[in-house]
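Listed below are the residues making up each chain.
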Amino acid sequence: MPTAYVVLILANIVYGSSYAVSRVVLEHMGPATLSFFRLAIGSLVLVPLALTQRRDEVRLSRAHQCNLFWMGLCGFAGAFALGNWGLQLSTATNAALLITVEPVSIILLSPLVLGEHLTRREGAGALLTVAGATVVVLNGIPGASVAIAPHWRGDLLLVLSGLAYAGYSLFGRDVLARHKAVPVTAWSILWGLVVMVPFTVAEWVGGDRPEWTGTTILGALYLGSVITALGYLLWNWGLERVEAPRLAIFVNIQPLAGALLGVVALHEALTVYTVAGGVLILAGVHTAVRAKRAQRGSIG
């Protein structure tokens, strides 16, 4: 299996833990404030690394500088804030389900925006992963064994968050084809941090200030350093090497990872739907990886 695929699988397993951790931290911290601190911590980790690579880095064109701004606005400020607000009004389960908006959006929009397409076999793999993610997070089959709770306001915000995450990859693909992952990730995080400042100030002025408990601090540090800094760095490293629609397939691992984390860490029940959905996700990823390998073999 190509190294990039291994990295993407591991990265999305780590991403899957973010929903439960965010939900806990949001009980003691406002959504804008959590977004701000995630970005601030991520900046402290990555900006010094980016500065060490400055001499070797090619100067950014004006178009790529604009792309970095939109990456920060969409993929960091927008996605984080909308996701946190959505989590407050909806559920962590729905948040895990609706992350599938991101890969579906990337797969549908990549041919129009980037000119990148999936093969038929890869498309079949993508459908398997989306179906599997849906079964896992709903713990059943939609329309047959489960009913989705009416959290439409929060769910709408989570859908918009998924679209914002997709925008990050679509804006970033061209930049990462010409520049290293570390500086691109660092500067886009900084733009997201700048955008979040007025929203955080407004939240504090309105009286919604964080409660600094041990859990809050540890959760914010984890979300900022592991999920934001390391997670996005790995994602961009993969985006340098893998076309956006193929990259999107791996996002569907996140709901499975979140469900399994609940079984291991929170002692939640391991249901037949978790197992069935996991099999579909793994089958979809396997199909996509083998399709790419077969395509390379036919070219060679």
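Residues numbered from 1 in each chain as written. Predicted model: local features only at pLDDT ≥ 70, side-chain atom pairs only at ≥ 80, totals over all residues. Heavy atoms only, no water.

Caption draft 1: Seen up close, the overall build of the protein. Counting its secondary structure elements, the protein contains 13 helices and zero strands. For the protein, the α and β elements follow one another from N to C terminus as α-α-α-α-α-α-α-α-α-α-α-α-α. For the protein, the proportion of its 300 residues judged to be buried stands at 50%. Considering only intrachain contacts with a sequence separation of at least 6, the fraction spanning at least 24 residues in the protein is 91%. Here the protein displays about 13800 Å² of accessible surface, and carbon together with sulfur accounts for 67% of that area. (Helix = DSSP H or I, 4+ residues; strand = E, 2+ residues; numbered from the N terminus. Buried < 20%, exposed > 50% of the residue type's maximum accessible area, 1.4 Å probe, protein only. Contact = heavy atoms within 4.5 Å. Areas by Shrake-Rupley, 256 points an atom, 1.4 Å probe, with all protein chains shown as cover.)

Caption draft 2: Examining the pattern of salt bridges more closely. Scanning the model with the defined rule gives one salt bridge in all. The shortest N-O distance in the salt bridge between D174 and R178 comes to 2.5 Å. With a relative accessible area of 33%, D174 lands in the partly exposed category. (Salt bridge = Lys/Arg side-chain N within 4 Å of Asp/Glu carboxyl O.)

Caption draft 3: Region of interest: the nonpolar core. Among the nonpolar cores identified, the biggest contains 53 residues, and L8, L39, F76, Y232 and W235 are the most heavily contacted of them. Taken together, the elements giving at least two residues each to this core come down to α1 (3–15), α2 (18–25), α3 (31–52), α4 (62–89), α8 (152–176), α9 (181–205), α10 (214–241) and α11 (244–249). Discounting residues that sit within four places of it in the chain, L8 has contacts with W235, G238, V242, L247 and F250. (Core = buried A, V, L, I, M, F, W, Y, C linked by side-chain atoms within 4.5 Å.)

Caption draft 4: Structural detail: the packing of α9 against α10. In the contact formed by α9 and α10, the axes pass within 9 Å of each other and the chain directions differ by 130 degrees. By the angle between their directions, the pair α9 and α10 is classed as oblique. Between α9 and α10 lies a crossing whose hand is right-handed. Taking contact as the criterion, the partners of A181, V182, V184, T185 and I189 in α9 are, on α10, T228, Y232, L233, N236, W237 and E240. When its residues are assigned to classes, the contact of α9 with α10 shows seven nonpolar, three polar and one charged. (Axes fitted to C-alpha atoms, helices over the stretch in contact; angles between N-to-C directions. Parallel < 35°, antiparallel > 145°, perpendicular 65-115°, else oblique. Left-handed = near helix turned anticlockwise from the far one by under 90°. Nonpolar A, V, L, I, M, F, W, Y, C, P; charged D, E, K, R; others polar.)

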